[in-house]
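Close look at the chain arrangement
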Amino acid sequence: MTKKTLTQANGSPVIDNDNSLTAGARGPILLQDTWLIEKLAHFDRERIPERVVHAKGSAAFGTFTVTHDITQYTKADIFSDIGKQTDVLLRFSTVAGEKGAADAERDVRGFALKFYTDDGNWDLVGNNTPVFFIRDPLKFPDFIHTQKRDPKTNLRSATAAWDFWSRHPESLHQIMILFSDRGIPTDYRHINGYGSHTFSFISKSNERCYVKFHFKTQQGHRYYTDEEAASVVGKSRESSQADLFMSIEDGQFPRWDVKVQVMTEKQASEYTIHPFDLTKVWPHGDFPLIDVGTLELNRNPENYFAEVEQAAFTPANIVPGIGYSSDRMLQGRLFSYGDTQRYRLGVNHGQLPVNKPKPSVNTTHRDGSMRTDDNGGENLNYAPNHHNSYVPSHDAEPALRLEREALHFNFRDYDDDYYSQPGNLFRLMDPAQQQRLIGNIVASMSEVDNKQIKKQQVEHFLKADKALGIALAKGLSIKID
Ligand code: HEM
């Protein structure tokens, strides 16, 4: 690195960076030591709020390459040609731990992608699991409170977690994944990613179909047992960060096969499984995986805070050819991410280099704190106007037909099959995997200090799979009827 003169924020040289300006060798500091004051004041403000969830994370830049033609389903420019490449940022994370938490913890892993497409940023903010614990966003804050710290003890509470889960049998599918081998991946390269929600694809002829996104790791799956993880955490809290960073530094670029499942609108209206239920998967037998492309991570960020901590992903960021769906959870998320980012990073966070889209931004938004671009220059700040400077594309999606009156519809009145898919998942595991799952659940539920919660939860497991329920009842010394 070249030798450079140290400067203050105004660019003027710093005279002395070792000794404050004092009145005499033994005297106090003068208020006119502006460098000292600037240095302390800036340091005092270094921390911004961490993400309310998914605070601990690691990210890398890379490339998405189209390998197969899916233009019959979507007009999205990113998929327009075989061989087309798009820059991406992928941030991995754990969910519950704070920014300094250990990586090798049993938790869901975030898999948040930003595609810098020619039509603007498309963010796919998914996880390493195809399903989630709940299916109504109204429950998200309560759920997260049970994963974070108890208000009195300031400790994580197994009782709170299982109290919530036992009252939400729809969480069983995700619980099965969380306590399986997939619950503690050795690092971020050895996990799959899923968009999880149902999204829409809009074709050139303006037809809608529904789509789920899958990212299959080419590195294979690797996991730690609880014991192995404890010993890893004893040595390093940053095992996944180190693995990702060093692999890329060493030129070992992790890759994922990108695939989709598609469902027509007609199939969605007739299919036995609710197509917008985030606690269910679409069985591959009915909706096979379709090859799309390859995702490769090949560049580490130069600066963690600038490019990872300040990265803002939101499911609301879509581009023409991709649409939302009636998934309640997705709809809640469309609000929550931009909202938290206006608080966490500020109203102009879209101008930060890592969040800046490829095409130029042409809006009537003006001013706001920390505006860093030319603020629209001399352009008019209203629309419509006599220059026609802000013309909407009018490239609307096909109409979404809605049938019902508005009401607080209880999801459970329409789908109370909480058990088939978790039971199938258990029966798909080999005996050793089943034993580890049972051991992991028993270890966690043993910490619950309420018998009724344990009993209620074991009853859910029993309904998913009898052998599983019996084994857990035995492990937890619970009497079942
Ligand atoms: C992060 C809310 C469900 C994946 C976040 C953040 C919020 C949030 C407020 C912090 C964002 C930031 O500070 O930039 C919610 C709400 C949900 C929900 C209200 C349900 C209604 C989900 C689901 C998934 C998911 C279902 C995955 C399928 C993620 C990921 C991040 C995240 C990966 C981290 C993004 C990053 O790396 O910056 N969520 N979330 N969330 N959420 Fe959710």
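All of these numbers come straight from a predicted model, not from anything done at the bench. (Residues numbered from 1 in each chain as written. Predicted model: local features only at pLDDT ≥ 70, side-chain atom pairs only at ≥ 80, totals over all residues.)

**Points about the overall build of the protein chain**
To keep it simple, the criterion reads: For helices the rule is a DSSP run of H or I covering at least 4 residues; for strands it is a run of E covering at least 2, with both sets numbered from the N terminus onward. Values of the radius of gyration come from C-alpha atoms, whereas the globule rule sets the reference at 2.2 Å times the count of residues to the power 0.38. Any residue surrounded by 20 or more other C-beta atoms within 10 Å of its C-beta is treated as buried, while 12 or fewer makes it exposed and the intermediate range makes it partly exposed; C-beta atoms here are placed from the backbone. With C-beta atoms placed from the backbone, a contact is any residue pair whose C-beta atoms sit within 7 Å.
Tallying secondary structure elements over the protein chain gives 14 helices and 10 strands in all. Here the protein chain has a C-alpha radius of gyration of 25 Å; the compact-globule value for 481 residues is 23 Å, and the two agree. Taking the principal axes of the C-alpha coordinates as reference, the protein chain spans close to 85 × 65 × 50 Å. Looking at the protein chain as a whole, 34% of its 481 residues are labelled buried. Across the protein chain, contacts joining residues at least 24 apart in sequence account for 73% of those joining residues at least 6 apart.

**Digging into the UniProt feature "active site" (unreviewed entry) in the protein chain**
Here is the rule: UniProt positions are given in the numbering used here, feature names are shortened, and annotations may be inferred rather than shown by experiment.
As recorded in UniProt, the sites labelled "active site" (unreviewed entry) are H54 and N127. In terms of the greatest pairwise C-alpha distance, the residues named above, spread along 74 residues, form a tight cluster of at most 10.5 Å across. Looking at where H54 falls in the secondary structure, it is placed in the loop between α1 (34-44) and β1 (57-66). Not counting the four nearest positions on each side in its chain, H54 is found in contact with S93, V95 and G110. For N127, the position within the fold is in strand β4 (residues 120-127). Setting aside its immediate chain neighbours within four residues, N127 contacts V108, R109, G110, F111, Y194 and S196.

**Comments concerning the site of the ligand**
Counted only if it meets this: The rule is simple: place the C-beta atom from the backbone, and if it lies within 6 Å of a molecule or strand, the residue is near it. In the scheme used here, Gly and all other residues not listed as nonpolar or charged are polar, with Ala, Val, Leu, Ile, Met, Phe, Trp, Tyr, Cys and Pro taken as nonpolar and Asp, Glu, Lys and Arg as charged.
Taken together, 27 residues sit near the ligand, with H54, G110, A112, P137 and S196 positioned nearest. For the shell around the ligand, the elements supplying multiple residues, two or more each, are β2 (85-94), β3 (109-117), β4 and α9 (328-344). Per element, the largest residue contribution to the shell around the ligand is 8 residues, and it comes from α9. Looking at the shell around the ligand residue by residue, the classes come out as 12 nonpolar, 11 polar and 4 charged.

**Focus: the environment of L30**
Assignment of secondary structure puts L30 in the segment before α1. Taking the C-beta count within 10 Å as the criterion, L30 has 12 such neighbours and is therefore assigned exposed. With residues near it in sequence (within four places) discarded, L30 still touches L21, T22 and A23.

**With respect to the packing of helix α3 (residues 158-166) against helix α13 (residues 451-464)**
Selection rule: Orientation is described by lines fitted to C-alpha atoms, with helices fitted over the stretch in contact, and by angles between N-to-C directions that extend from 0 to 180 degrees. Small angles under 35 degrees read as roughly parallel and large ones over 145 as roughly antiparallel, with 65 to 115 read as roughly perpendicular and the rest as oblique. When the near helix sits turned anticlockwise from the far one by under a right angle, the crossing is termed left-handed; a clockwise turn instead gives a right-handed crossing.
At a closest axis distance of 9 Å, the pairing of α3 and α13 adopts a crossing angle of 45°. When the interaxial angle is binned, α3 and α13 end up oblique. Helix-helix and strand crossings are classified by hand; for α3 and α13 the assignment is left-handed. Between α3 and α13, the residues in contact are T159, W162, D163, W165 and S166 and I453, Q456, Q457 and H460, respectively. A breakdown of the residues in the contact of α3 with α13 according to their chemical character gives 3 nonpolar, 5 polar and 1 charged.

**Quick look at the UniProt feature "binding site: heme" (unreviewed entry) in the protein chain**
As recorded in UniProt, the sites labelled "binding site: heme" (unreviewed entry) are Y337. With sequence-adjacent residues up to four places away left out, Y337 is seen in contact with F313, T314, P315 and A316.

**Quick look at the packing of α13 against helix α14 (residues 466-475)**
Two elements in contact, α13 and α14, have axes whose closest approach is 5 Å; the angle formed by their N-to-C orientations is 150°. Considering their axes alone, α13 and α14 lie roughly antiparallel with respect to each other. The crossing of α13 and α14 is left-handed. Touching V458, F461, L462 and A464 of α13 are K466, L468, G469, L472 and A473, all from α14. For the contact of α13 with α14, the per-class residue count stands at 7 nonpolar, 1 polar and 1 charged.

**What to know about the nonpolar core**
Nonpolar side chains in soluble globular proteins tend to be buried together. We count it as follows: The nonpolar core criterion groups buried Ala, Val, Leu, Ile, Met, Phe, Trp, Tyr and Cys residues into a set whenever they are joined through C-beta atoms within 7 Å.
Counting residues in hydrophobic clusters, the biggest one holds 47 residues, and the most contacted among them are V88, L90, F115, W122 and I322. Broken down by element, the residue count for this core peaks at 5 residues, all from β3. Those residues within four positions of W122 in sequence are excluded, and the remaining contacts are I78, F115, T117, N317, I318, V319 and I322. Counting residues in hydrophobic clusters, the runner-up holds 26 residues, among them V108, W165, L178 and V458.

**Regarding the domain arrangement of the protein chain**
Rule in force here: Boundaries of every domain are those given by an automatic assignment or by a domain database.
Segmenting the protein chain into domains produces domain 1 (1-46), domain 2 (57-142 + 185-355) and domain 3 (418-476). A straight line from the C-alpha centre of domain 2 to that of domain 3 covers 29 Å. In terms of residue class, the side of domain 2 that touches domain 3 is made up of 1 nonpolar, 1 polar and 2 charged.

**Observations concerning unusual backbone geometry**
Put simply, A383 and P384 share a cis peptide bond, and its omega is 0°. Assignment of secondary structure puts P384 in the loop between α9 and α10 (411-414). Unusually for a residue other than glycine, N375 sits at a positive phi of about 60°. Mapped onto the secondary structure, N375 falls in the loop between α9 and α10.

**A look at the confidence of the model for the protein chain**
We apply this condition: pLDDT is a residue-level measure of predictor confidence that goes from 0 to 100.
Residue-level pLDDT values for the protein chain average 97, and 100% of them are 70 or greater. Interface scoring of the predicted complex returns ipTM 0.98; its pTM is 0.97.

**Side note on the pairing of β4**
So the rule is basically this: Here a strand pair is declared whenever DSSP counts at least two bridges between the two strands.
Of all 8 residues that make up β4, 7 are buried, and the element is covered over most of its length. Direction of pairing for β3 relative to β4: antiparallel, over a ladder of 8 bridges. Opposite T117, over in β4, you have G120 as the bridge partner. Connecting β3 to the antiparallel partner β4 that follows it, the hairpin turn spans 2 residues.

**Topic: the environment of A306**
You can see A306 is positioned in helix α8 (residues 304-309). For the pair formed by A306 and D119, sequence separation is 187 residues and the distance between their alpha carbons is 24 Å.

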